[in-house]
Amino acid sequence: MIRFILRRILAAIPIGLIVTLGVFALVFAMPGDPLRELAGDKPIPAAVLAAKRAQYHLDDPFIVQYLLSMKDMFTGHFGTTFAGADIADQLRLRIPVTLKLATLGLVFQWIAGLLFGLYAGFKRNGVMDRLLLLATLVVLAVPGLVLYFTGQYLFGVELKWLPVSGTRDGWPMSYLLPAICIGITGFAGLARLTRTSIVDTANSDFVKTARAKGLGEQRILWRHVLPNALLPVVTLMGIDFAGIFAGAVLAESIFNLPGLGQFMFQAIKLKEGGVVVLLSTLAFLMFILINLAVDVIYGAIDPRVRNV
Amino acid sequence: MTTPGEVLLKVDDLTVEFDTPHGPVRAVDGVSWQVRAGETLAILGESGSGKSVSTQALTGILEMPPGRIVSGTAEYRGADLIAMTVKERRKIVGDRITMVFQDSLSALNPVQSVGTQIAECYRVHRGLSKKDALKRAAEMLDQVRIPAAARRVRDYPHEFSGGMRQRVMLAMALALDPDVLIADEPTTALDVTVQAQILELIADLQAERDMGVVLITHDLGVVSDVADNVVVMYAGHVVERASTAEALDHPVHPYTEGLLGSMPSADLKGQELPTIPGTPPSLRAIPSGCAFRTRCPMAIDECAKEVPPLLTVAPGRDAACILRTSISEREAV
């Protein structure tokens, strides 16, 4: 087990290098001058501009810029943003916001996905099953962006049930609406996979064997169908978990929550390569850790993938 | 548990239909057979002939719907399995009547150890504690001659070879010392050498326990090796019923004859192997009258008129062919 984990971490290093390099290159390739963008229409004295450019290594070749920002990151000298804010402070303030949003969104997504998926799978071809099929089709067809704005308008602006934006109302009120939106956009896939997986498993030969053994339906369901049907579901839940950051970028920007996603959004707009790479690396580390956790859990529930 | 020669399972006039979008399809039509203690009854037929469906219907493991039992009884020692409630049936199926299936890899739960799966029988039907049940499971593995059974009881199905897995299936089916074992193509997925071992094992365990065995197969070789009596099925009908020796030496129905003729044997060395022309009919379009007439070398116009009844041609011998049974027209029981 420990060797397996070590091997996975070692394998993550080259992937991490490629990911950070790729992200940095993409930011580097974006058109426009970051400092001019920051200044807006105001003229900047040439001397100030040159000093700033030197401070952020903007005139160095691409690979030097990349290596310098990697060095900063690993030595913990995150520095300041172009606008002058201390990045370490920013992280300290923003990480809890994103964690709260992501956790709540994930909880909504998993609960709705599992609940609907399990119920529809147990009562396949029933009314609930058909309603779920319709609902998931709608959710899958409507772009997340539309759903976020609709939710914000309907429950925030018109009905005034929940705050429109910002974190003034604190936890959990300010996070409810964006988290529900994340949950709704994400639950459909999970619900459908759970449902299909249960139906498939219920038709498998070993369930027939269980019937031939004279077992009760409840025992067949809990001991034979579910442990097998939930294997692919666990994988998808892990992928959802790892992908929640992407949903957070959108939700935080729309609902104006000062989290990492919003930070990322601003950094991309300003072409701040260092910040973008830093946040990407954080996301990447999360991804690796979650995947590792999924693999370890998977090994525990599926004997066929142990010791590989 | 059983008295020698006692009729354990008696199926009478069993008819099973499937509801499809194109209307009902009759997979099993008026099938009757019985199995006695110590007897091995082979149900022989091609895929789609209804041999598996009939046993799955009477044990209640057939998906219903789309399946539907139209008529018939299946009496285990006088109690009709089809008429009884699911709860009552569960006390018999899985305890007194057990089953093994063809593909042991998919027929075993992949995420449970084989010991747990065998122990489940003792826990559910006998109420044994986890520890005792596992101990009995290990004993069972030993009885089906799995080496190092005490250690392997914790292993998972994918850690066994095909033959060993089929032994696990057998251990599970025989755990509660059943009266009737229904073996649905138990050796089809195995190598020929392993096949023989498994059949031998079934025969040994059967002799020890004096149980009745219903062996579903499409393999005439298997039938001639182990079966006492044979029921030949074609397109949902029983076309011939006889002792194995009689059926193999003097087949009455042209279909049985055709099957025998297409068996490879030393006499036919160097010659092309004869086959039955054509393919089995789709259950959606069974020919009128005798279902076999379109492939039968001796079919006459009369054959298309009505379904030939299963008639007794000699004591213990029934066949459904108007050409061959017209001599003595006593209706079979």
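Everything numeric in this text was worked out from a predicted model, so none of it was measured.

What counts and how
- Residues numbered from 1 in each chain as written.
- Chains lettered and ligands numbered in written order.
- Predicted model: local features only at pLDDT ≥ 70, side-chain atom pairs only at ≥ 80, totals over all residues.
- Heavy atoms only, no water.
- Helix = DSSP H or I, 4+ residues; strand = E, 2+ residues; numbered from the N terminus.
- Rg over C-alpha atoms; globule rule 2.2 N^0.38 Å.
- Buried < 20%, exposed > 50% of the residue type's maximum accessible area, 1.4 Å probe, protein only.
- Contact = heavy atoms within 4.5 Å.
- Lys, Arg positive; Asp, Glu negative; His and termini not counted.
- Charge placed at Lys NZ, Arg CZ, Asp CG, Glu CD.
- Domains from an automatic or database assignment.
- Salt bridge = Lys/Arg side-chain N within 4 Å of Asp/Glu carboxyl O.
- Patch = residues over 30% accessible without salt bridge, like charges linked within 9 Å, V, L, I, M, F, W, Y side chains within 5 Å.
- Areas by Shrake-Rupley, 256 points an atom, 1.4 Å probe, with all protein chains shown as cover.
- UniProt positions renumbered as here; feature names shortened; annotations may be inferred.
- Buried area = accessible area lost by both parts, 1.4 Å probe.
- Polar contact = N/O pair within 3.5 Å; in protein donor to acceptor, adjacent residues only side chain to side chain.
- Nonpolar A, V, L, I, M, F, W, Y, C, P; charged D, E, K, R; others polar.
- Pairing = 2+ DSSP bridges.
- Phe/Tyr/Trp six-rings, centres within 6.5 Å; stacked < 30°, edge-to-face > 60°.
- Lys NZ or Arg CZ within 6 Å of the ring centre and 35° of its normal.
- Core = buried A, V, L, I, M, F, W, Y, C linked by side-chain atoms within 4.5 Å.

A. Quick peek at the overall build of chain B. The helix and strand tally for chain B stands at 12 helices and 13 strands. For chain B, the C-alpha radius of gyration of 21 Å lies close to 20 Å, the compact-globule estimate for 333 residues. Along the first, second and third principal axes, the C-alpha set of chain B runs to 65 × 50 × 45 Å. A burial count over chain B gives 51% of its 333 residues as buried. A separation of at least 24 residues holds for 63% of the contacts in chain B among residues at least 6 apart in sequence. In chain B, 33 positive and 44 negative side-chain charges are present, and the distance between their average locations comes to 8 Å.

B. Region of the structure containing the domain arrangement of chain A. Assigned domains of chain A: these are domain 1 (1–75) and domain 2 (87–270). One C-alpha centre belongs to domain 1 of chain A, the other to domain 2 of chain A, and the line joining them spans 33 Å.

C. Representation of the pattern of salt bridges. Under the counting rule described, the total for this entry stands at 25 salt bridges over all chains. The salt bridge partner of Arg211 of chain A is Glu217 of chain A, with a shortest N-O separation of 3.0 Å. Judged by its relative accessible area of 40%, Glu217 of chain A is partly exposed. Note that Arg26 of chain B and Asp29 of chain B form a salt bridge whose closest N and O atoms lie 3.4 Å from each other. Residue Arg26 of chain B is classed as partly exposed on the basis of its relative accessible area of 32%. Beyond isolated ion pairs, a larger network of salt bridges with shared partners links Glu6, Arg77, Asp95, Arg96, Arg126 and Asp179 of chain B.

D. Representation of a nonpolar patch on the surface in the model. Residues and elements named next belong to chain A. On the surface, a cluster of nonpolar side chains totalling about 470 Å² of accessible area is made up of Phe116, Tyr119, Val127, Met128 and Leu131. Only α5 (87–122) and α6 (127–141) provide two or more residues apiece to the nonpolar patch. If you tally residues by element for the nonpolar patch, the top one is α6, at three residues. Along the chain, Val127 turns up in helix α6. Judged by its relative accessible area of 67%, Val127 falls in the exposed class.

E. Geometry of the UniProt feature "domain: ABC transporter" (unreviewed entry) in chain B. In the numbering adopted here, UniProt assigns the feature "domain: ABC transporter" (unreviewed entry) to residues 9–260 of chain B. Taken end to end, residues 9–260 of chain B is 40% helix and 28% strand, and its first and last C-alpha atoms sit 28 Å apart.

F. Local environment of the interface of chain B and chain A. Taken together, the contacts link 24 residues of chain B with 23 residues of chain A. Buried surface at the junction of chain B and chain A, summed over both partners, amounts to about 2,100 Å²; 55% is from carbon and sulfur atoms. When residues of chain B are sorted by the area they lose upon contact with chain A, Arg90, Val111 and Glu120 of chain B head the list and together hold 25% of the total. Between chain B and chain A we count three salt bridges in total. Glu120 of chain B is paired through a salt bridge with Arg219 of chain A; the nearest N and O atoms lie 2.7 Å apart. One can count 13 residue pairs in polar contact (both at pLDDT 80 or more) joining chain B with chain A. Secondary structure elements with two or more residues in the side of chain B that touches chain A: α3 (104–107), α4 (114–126) and α7 (162–174) of chain B. For the side of chain B that touches chain A, the leading source of residues is α4 of chain B, giving five residues. Of the residues that constitute the side of chain B that touches chain A, the class distribution is 13 nonpolar, eight polar and three charged.

G. Up close: the pairing of strand β4 (residues 67–76) of chain B. Residue and element names in this part refer to chain B. Of the strand pairs in this sheet, strand β1 (residues 7–20) and β4 are connected by eight bridges, and their pairing is antiparallel. Following the sheet pairing, Asp12 is matched in β4 by Thr73. Relative to strand β5 (residues 79–80), β4 runs antiparallel, the two sharing two bridges. Bridge assignment links Tyr76 to a residue of β5, and that residue is Ala79. Hairpin geometry of β4 and β5 is characterised by an intervening segment of two residues between the two adjacent antiparallel strands and by a positive phi of about 50° at Arg77.

H. Spotlight on the pairing of strand β10 (residues 237–243) of chain B. Residues and elements named next belong to chain B. β10 sits mainly inside the fold: six of its seven residues count as buried. Summarising the sheet, strand β9 (residues 229–234) and β10 pair through six bridges and their orientation is antiparallel. If you follow Met233 over to β10, its bridge partner there is Val238. Connecting β9 to the next strand, β10, in antiparallel fashion are two residues, including Ala235 with a positive phi near 50°. Here β10 pairs with strand β12 (residues 317–319) via two bridges, running antiparallel. Bridging across to β12, Arg241 finds its partner in Asp318.

I. Just the sheet that holds β5 of chain B, in detail. All names here are of chain B. Across the sheet, four strands lie side by side as β2-β1-β4-β5; this open sheet has antiparallel pairing. The strands lining the two open edges of the sheet, one partner per strand, are β2 (23–36) and β5. Judged from the 10 bridges that link them, β1 and β2 form a sheet pairing that is antiparallel. Paired with Val7 across the bridge in β2 is Arg36.

J. Structural view of the UniProt feature "transmembrane region" (unreviewed entry) in chain A. Residues and elements named next belong to chain A. Within the UniProt annotation, "transmembrane region" (unreviewed entry) is assigned to residues 9–30, 101–119, 131–155, 175–193, 229–255 and 275–301. With 95% helix and 0% strand, residues 9–30 has end C-alpha atoms that lie 31 Å from one another. Along residues 275–301 the backbone is 100% helical and 0% strand, and the end-to-end C-alpha distance reaches 39 Å.

K. Up close: the packing of aromatic side chains. The final tally for this structure, using the stated rule, is nine aromatic pairs over all chains. Considering the side-chain rings of Tyr255 of chain B and Phe292 of chain B, the 5.2 Å spacing of their centres and the 65° angle between planes classify their relative orientation as edge-to-face. With Tyr255 of chain B in helix α11 (residues 254–261) and Phe292 of chain B in the loop between α11 and β11 (311–314), this pair connects stretches of sequence that are 37 residues apart. Aromatic rings pair up to connect Phe24, Phe28, Phe62 and Tyr66 of chain A into one cluster. Across the ring face of Phe160 of chain B, the terminal group of Arg152 of chain B is positioned such that the distance to the ring centre comes to 4.0 Å.

L. Region of the structure containing the nonpolar core. All names here are of chain B. In terms of nonpolar packing, the biggest core is built from 76 residues, with Leu9, Trp33, Ile118, Leu141, Leu170 and Leu181 touching the most fellow members. Of the residues forming this core, the biggest block, seven residues, is contributed by α7. Excluding its chain neighbours within four sequence positions, the residues that come into contact with Leu141 are Val114, Ile118, Ile146, Ala149, Arg152, Val153, Val168 and Ala171. Formed by 20 residues, the second largest nonpolar core is a distinct cluster that contains Ala42, Ala227, Val239 and Cys296.

M. Just unusual backbone geometry, in detail. Residues and elements named next belong to chain B. For Ala148, which is not a glycine, the phi torsion comes out positive at approximately 50°. Examined against the element boundaries, Ala148 turns out to sit in the loop between α5 (130–143) and α6 (149–152). With phi around 50°, Ala235 is a residue other than glycine that occupies positive phi space. Position of Ala235 relative to the elements: it lies in the loop between β9 and β10.

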